[in-house]
Amino acid sequence: MTATSGITSVGIVGGSLAGLFHAVALTALGLDVDVWERSTGRPDDRGAGIVLQPDVAWFLREFCGVDPEHVSVPVTHRQFFSGDGDARTTPMRQQVISWGAIYQALRNALPAERYHDGQPVTALAPGPAGATIHVGGAARAVDLAIIADGSASRYRALVTPDGAPRYAGYVAYRGVVDEVDARATRMRNHRILLTGDAAFVVRPHTAASTEKAAGDAITLFQALRRAPSADTALQTWERLRLAEGAAIQRQGVNLGRRLSLDGPEAAAGAHDRTQKGP
Ligand SMILES: Cc1cc2nc3c(=O)[nH]c(=O)nc-3n(C[C@H](O)[C@H](O)[C@H](O)COP(=O)(O)OP(=O)(O)OC[C@H]3O[C@@H](n4cnc5c(N)ncnc54)[C@H](O)[C@@H]3O)c2cc1C
């Protein structure tokens, strides 16, 4: 008997990377997974600058059959510009990948009929044996609900009372703006899980948001496969992912301080997570 014997159906709110990582991993466990995504069609790409961290690379290889080397490019250094216009170059060997390449690999790995785009979840309610998800005027009972609706999560409060985003005190320009921290103190309310950016919004300098979403999914896959019961698996998952999310967030806060106080070298040395294995 595996932990998944207590869970057959899974409903995922949000079909961006966190939702898709979980959908693909749990489908591989043999579960009956549906993803509801409010937007229609392929979302806009978010650029080519996502650092290919170990969990994402592992996920692409193991679950999507994609060689990460084939969909990423190497970079050799980063350039920092100071307020007075000086440019400084720091050697940093990393692979970078586009948001769209990850998204497409995940979509290809998930049966198309399981991804329901243009269908916003309008209500989510916990139940004694799972949760009820309301979509398009219908109610769907599932054994496990996963909230992956992003940093502005509508359903976060069902799991954690104090995870709402707070302004971090500064704005980082990265072509786009990312200006908040959010930190969950819980990621589970019985059979409802909070994941991805809905749980922790971390600062862009960590280059770890996508990695965190992949790590949430891999850890859930492993916990459900190994634990003696579904409840034990979900407890283990919450403990491990709360610790990891908090660690990445601390890293981002420290890095932000060091960026303003210590200059680019300190920043360069502090956020390379590429040595960490899944
Ligand atoms: C511009 C930009 C650049 C980024 N660059 C990097 C980077 O370089 N490196 C990195 O690691 N990360 C980066 N990130 C973050 C990364 O994209 C996210 O961490 C990752 O996608 C996981 O996010 P998520 O799936 O939790 O949330 P999101 O990507 O925010 O997705 C939430 C999804 O839920 C859907 N949704 C919301 N409400 C509902 C509802 N009621 N019903 C159904 N669907 C709903 C939304 O439409 C959306 O598709 C970037 C993000 C942005 C916006």
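Residues numbered from 1 in each chain as written. Predicted model: local features only at pLDDT ≥ 70, side-chain atom pairs only at ≥ 80, totals over all residues.

Let us look at the overall build of the chain. On a plain count of helices and strands, the chain comes out with six helices and 15 strands. Each of the 278 residues in the chain was classed as buried or not, and the buried ones make up 40%. Contacts in the chain between residues far apart in sequence, at least 24 positions, make up 66% of those at least 6 positions apart. (Helix = DSSP H or I, 4+ residues; strand = E, 2+ residues; numbered from the N terminus. Buried ≥ 20, exposed ≤ 12 C-beta atoms within 10 Å, placed from the backbone. Contact = placed C-beta atoms within 7 Å.)

Moving on, we get to the site of the ligand. The local shell around the ligand holds 33 residues, among which G14, S16, G150, G196 and S209 are the closest. Contributions of two or more residues to the shell around the ligand are made by α1 (17-28), β2 (32-37) and α4 (209-226). Looking at the shell around the ligand, the element that brings in the most residues is α4, giving four residues. Its residues assigned to classes, the shell around the ligand comprises 14 nonpolar, twelve polar and seven charged. (Near = placed C-beta within 6 Å. Nonpolar A, V, L, I, M, F, W, Y, C, P; charged D, E, K, R; others polar.)

Right, let's talk about the sheet that holds strand β4 (residues 72-81) for a bit. With antiparallel pairing, the three strands of this open sheet are ordered in space as β3-β5-β4. Of all strands in the sheet, those with a lone pairing partner are β3 (50-51) and β4, marking the two edges. Relative to strand β5 (residues 87-97), β4 is paired through nine bridges, and the arrangement is antiparallel. Of the residues in β5, the one forming a bridge with V73 is V96. (Pairing = 2+ DSSP bridges.)

Relative orientation of the contacting elements α1 and helix α2 (residues 54-64) amounts to 40°, with a least axis distance of 11 Å. Comparing their axes, α2 and α1 come out oblique. Regarding α1 and α2, the two cross each other, and that crossing is left-handed. Of the residues in α2, those in contact with F21, V24, A25 and A28 of α1 are F59, F63 and C64. (Axes fitted to C-alpha atoms, helices over the stretch in contact; angles between N-to-C directions. Parallel < 35°, antiparallel > 145°, perpendicular 65-115°, else oblique. Left-handed = near helix turned anticlockwise from the far one by under 90°.)

Turning our eyes to something else, we now look at the nonpolar core. Within the largest apolar cluster, 66 residues are counted, with the highest numbers of intra-cluster contacts made by I12, V13, F21, A25, A145, I146 and I147. Among all residues touching F21, those that are not within four sequence positions of it are F59, L106, A213, A214 and A217. (Core = buried A, V, L, I, M, F, W, Y, C linked by C-beta atoms within 7 Å.)

Another aspect to go through is the environment of R225. Its place among the elements puts R225 in helix α4. You can call R225 partly exposed: it has 14 C-beta atoms within 10 Å. When the C-alpha atoms of R225 and L29 are compared, they prove to be 7.6 Å apart, with 196 residues separating the residues in sequence.

So, about α4. An α-helix turns once per 3.6 residues; consequently, residues spaced three or four apart project the same way. Counted at 1.5 Å a residue, the expected span for α4 with its 18 residues is 26 Å, and the 26 Å between its end C-alpha atoms agrees. Among the 18 residues of α4, 15 are classified as buried, and the element is accordingly described as predominantly covered. (Expected span 1.5 Å × (residues − 1).)

Across the chain, the average pLDDT comes to 85, with 82% of residues at 70 or higher. Taken together, the stretch residues 261-278 has pLDDT below 50 and engages in 33 contacts with residues farther than four places along the chain or on a different chain. (pLDDT = per-residue confidence, 0-100.)

Turning to helix α3 (residues 99-109), a few remarks are in order. Burial in α3 covers these residues: I102, A105 and L106. For α3, the buried positions fall inside an angular range of 95° around the axis, keeping them on one side. (Arc of directions from axis to C-beta.)

Residue position: W58 is located in helix α2. Residues W58 and P68, ten residues apart in the sequence, show an inter-C-alpha distance of 8.2 Å.

Bridge analysis of strand β8 (residues 130-135) against strand β9 (residues 138-142) gives five bridges, and the strand direction is antiparallel. Bridge pairing in β9 places A131 opposite V142. The hairpin formed by β8 and β9 contains two residues between the paired strands, and G136 there has a positive phi angle of roughly 55°.

This brings us to the pairing of strand β10 (residues 144-147). Residues L144 and I146 of β10 are buried on one face, and the alternating residues A145 and I147, pointing to the opposite face, are buried as well. Note that strand β1 (residues 9-13) and β10 share four bridges and pair parallel. Within β10, the position partnered with V13 by the bridge is I147. Summarising the sheet, β10 and strand β14 (residues 192-194) pair through three bridges and their orientation is parallel. Bridged to I147 within β14 is L194.

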